[in-house]
Amino acid sequence: LDGWSWNLVDDLWTRGLACLRAYWNEYKSTQVPDRYVDPLSKIKLGFWVKSRRRDYNGGNLHPNKVAELEKFPDWSWDPSKEAWEKNFRKLQLALKTHSLDEIERSRTHEDSDELASLASWIISQKSKYLAWQTPDNPAQKYRRKLSVAEIADLESIEGWSWDRRRDTWITNFELLKDYLSENSLEDLKPNIVFSGVALGRWNTKQRAAYKRGTLED
């Protein structure tokens, strides 16, 4: 019978490995997109590669198969983790010559592609973190949850904030309370600067936001 096999598991392994070798020969990479299907064999190579990583992480992949896959120069059992660590090392290096604020703002200025790329990566990490702070957030489906170690690494960076706008609001609110402990609200004119912060202007903006119904909780 056409396609008959006495050992379907081994046959699928052999065909999948051969397909991956062909992919490597053409693209010099084993980072196969999840939905990639080989045009000749019709093997769902992206799914096959993902399944082998899942087998390995579950302790269900034979050592011989592990060895075969690790012969590929760029093979990784956890490409997402390795990519994260690579970007974090780039961020650490950039912080030696730039402040965190400069890097984050680089996405809106004519800076180097490297800084702009890091700025986008930082935004992505914050989006992932915030998506998992709310139970049953639909965004969790599309954003990988950061590990405890990854969160700790990011929070170890001086000046790091997961939500800079909210943190700034809280800081300004605390300054407002300090100001009001010595002054009246009537004294808080729009031009008042307190502890280096344009507190009067900030207060005016909060009042305007309240009237528009856009003041955040």
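Residues numbered from 1 in each chain as written. Predicted model: local features only at pLDDT ≥ 70, side-chain atom pairs only at ≥ 80, totals over all residues. Heavy atoms only, no water.

Some points on a nonpolar patch on the surface
Where we set the bar: By definition, no residue in a patch forms a salt bridge, and every one has over 30% relative accessible area; like charges are joined within 9 Å, nonpolar side chains (Val, Leu, Ile, Met, Phe, Trp, Tyr) within 5 Å. Where accessible areas are quoted, they stem from the Shrake-Rupley method and a 1.4 Å probe; at the residue level, only the protein chains shown are allowed to cover. Between Lys or Arg on one side and Asp or Glu on the other, a salt bridge is scored when a side-chain nitrogen of the former is within 4 Å of a carboxyl oxygen of the latter. The helix count covers DSSP runs of H or I at least four residues long, the strand count covers runs of E at least two residues long, and both are numbered beginning at the N terminus.
A surface patch of nonpolar side chains, amounting to about 480 Å² of accessible area, comprises W169, I170, F173, Y210 and L215. The dominant element in the nonpolar patch, judged by the number of residues it contributes, is helix α8 (residues 164-180), at three residues. Mapped onto the fold, W169 is located in helix α8.

What about the confidence of the model for the chain?
This is how it is decided: Confidence of the predictor in every single residue is expressed as pLDDT, which spans 0 to 100.
In the predicted model, the chain carries a mean pLDDT of 87, and 91% of its residues have values of at least 70. Of all the helices and strands in the chain, α8 carries the lowest mean pLDDT, 87, while helix α3 (residues 63-69) carries the highest, 96.

Let's talk about the nonpolar core
To keep it simple, the criterion reads: Think of a nonpolar core as a cluster: buried Ala, Val, Leu, Ile, Met, Phe, Trp, Tyr and Cys residues, connected wherever their side-chain atoms sit within 4.5 Å. Buried, partly exposed and exposed residues are distinguished by accessible area as a fraction of the type maximum, computed with a 1.4 Å probe on protein chains only: under 20%, between the cut-offs, and over 50%, respectively. When checking whether two residues touch, look at their non-hydrogen atoms; a contact exists if any pair is within 4.5 Å.
Formed by 18 residues in total, the largest nonpolar core has its most connected members in L20, L45, W48 and L69. At the level of elements, α1 (8-27), α2 (45-57) and α3 are the ones that each hand at least two residues to this core. The greatest single-element share of this core, amounting to six residues, is contributed by α1. The contact partners of L20, leaving out residues within four places of it in the chain, are T30, V32, L45, W48, V49, L69, F72 and W75.

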